[in-house]
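Residues per chain are reported as follows:
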Amino acid sequence: MKFSIVKKQVTDKELIRKVHNGDKESLNAIVRKYYDEIYRFCLYLTGQEMDSYDITQEVFLKFIRYVDSYQYKNLKGYLLMIARNACYDYFRHKKETTCIDEIAESGEEDSQIMRVENKMLLHQALIGLSPEQREVIILRIYEELKYTEIAKILGCNLSTVKSRYFQGIKKLDRLLEN
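Just so we're clear, the structure is a prediction, and the values are computed from it rather than from any experiment.

1. Section: the side chain of Thr56
Here is step 1: Tracing the chain through its elements places Thr56 in helix H3 (residues 49-66).
Here is step 2: Residues contacting Thr56, with those up to four places away along its chain left out, are Tyr35, Ile38, Tyr39 and Cys42.

Written out as structure tokens, the structure reads:
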């Protein structure tokens, strides 16, 4: 007779409860669970790899500092909201346009160069959008959030989110055609 061990997925609510009860390992579990997604979000907003690592670290430091006051139902949304604000702070302090990832080193295969070029074109097109349109598109497509979740994160109404998304998609189409 075979027995299989099924590891139960701990919910965000359970992790937060454990953190509030002093369990530091649960705090580490939250960071491990969401680090890549928060980093990717910051990277799409800033276009800067190293700065995005720094911003992501800052997001989790802020979260850790204020975890005792956390009361939201959507932990990922809460972390994305902190990340959004941290990225806006980054732009306020930087006061310069963002750069695109560097081109792949010479000698790589053509298909890899094509992927890098396509990635660069998409990054350039995203940067061509307004910050409001860009963050809605990133949250909708890359983070796969629902419009209602995006509206809560951004603090605006649902119709505004949908409008920014559809206008942004139209503009992306125009930018990518050229």
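2. Some thoughts on the packing of aromatic side chains
Here is step 1: By the definition in use, this model includes six aromatic pairs.
Here is step 2: Ring geometry for Tyr147 and Tyr165: centres 5.6 Å apart, planes at 75°, overall edge-to-face. A residue pair is termed long-range when its members are at least 10 positions apart, and Tyr147 in helix H7 (residues 147-154) and Tyr165 in helix H8 (residues 158-177) qualify at 18 residues. As far as burial versus exposure is concerned, Tyr147 and Tyr165 are alike and both buried.

3. Examining the environment of Gln124
Here is step 1: Note on placement: Gln124 falls in helix H5 (residues 110-127).
Here is step 2: Residue Gln124 is classed as partly exposed on the basis of its relative accessible area, which comes to 42%.
Here is step 3: As for Gln124 and Leu172, which are separated by 48 residues in sequence, their C-alpha atoms are 9.8 Å apart.

4. Description of the side chain of Lys76
Here is step 1: Considering the arrangement of structural elements, one finds Lys76 in helix H4 (residues 75-94).
Here is step 2: Given a relative accessible area of 15%, Lys76 falls into the buried group.
Here is step 3: Residues in contact with Lys76, not counting those within four places in the same chain, are Tyr34, Glu37, Glu143 and Leu145.

5. Some details on unusual backbone geometry
Here is step 1: Non-glycine residue Glu144 carries a positive phi angle of around 55°.
Here is step 2: Tracing the backbone through its elements, the reader meets Glu144 in the loop between helix H6 (131-142) and H7.
Here is step 3: Judged by its relative accessible area of 66%, Glu144 falls in the exposed class.

6. Some details on the nonpolar core
Across soluble globular proteins, nonpolar side chains have a tendency to be buried as a group.
Here is step 1: Core analysis: the largest hydrophobic core is formed by 48 residues, its most contacted members being Ile30, Ile38, Val59, Phe63, Leu75 and Leu79.
Here is step 2: Counting residues per element, the ones that place at least two in this core are helix H1 (12-20), helix H2 (24-46), H3, H4, H5, H6, H7 and H8.
Here is step 3: Tallying contributions element by element places H2 first for this core, with twelve residues.
Here is step 4: Beyond its immediate chain neighbours, meaning those up to four positions away, Leu75 contacts Asp12, Ile16, Ile30, Tyr34, Phe63 and Tyr70.

7. Thoughts on the confidence of the model for the chain
Here is step 1: For the chain, per-residue confidence averages 79 on the pLDDT scale, and 79% of positions sit at 70 or higher.
Here is step 2: Here residues 95-109 is modelled with pLDDT under 50, and outside its nearest four sequence neighbours on either side it reaches 20 contacts, counting other chains as well.

Scoring rules and cut-offs
What you see as residue numbers is a count from 1 along each chain, following the sequence as written. Only residues with pLDDT of at least 70 get local features here, since the model is predicted, and only at 80 or more are side-chain atom pairs given and counted; chain-wide, interface and lining totals rely on the full set of residues. Processing note: side-chain calculations cover all non-hydrogen atoms of the structure and skip hydrogens and water entirely. Under the scheme used here, helices are H or I runs from DSSP no shorter than 4 residues and strands are E runs no shorter than 2 residues, and both carry numbers assigned from the N terminus. Residue contacts are counted whenever heavy atoms from the two residues lie within 4.5 Å of one another. Stacked, edge-to-face and tilted are the three classes for Phe, Tyr and Trp ring pairs, Trp counted by its six-membered ring, which pair at centre distances within 6.5 Å; planes under 30 degrees apart are stacked, over 60 edge-to-face, the rest tilted. Throughout, exposure labels follow a simple rule: accessible area from a 1.4 Å probe, protein chains only, divided by the maximum for the residue type, with under 20% read as buried, over 50% as exposed, and the rest as partly exposed. Residues belong to a common nonpolar core when they are buried Ala, Val, Leu, Ile, Met, Phe, Trp, Tyr or Cys residues joined through side-chain atoms within 4.5 Å. Confidence scores labelled pLDDT are given residue by residue by the predictor and lie between 0 and 100.

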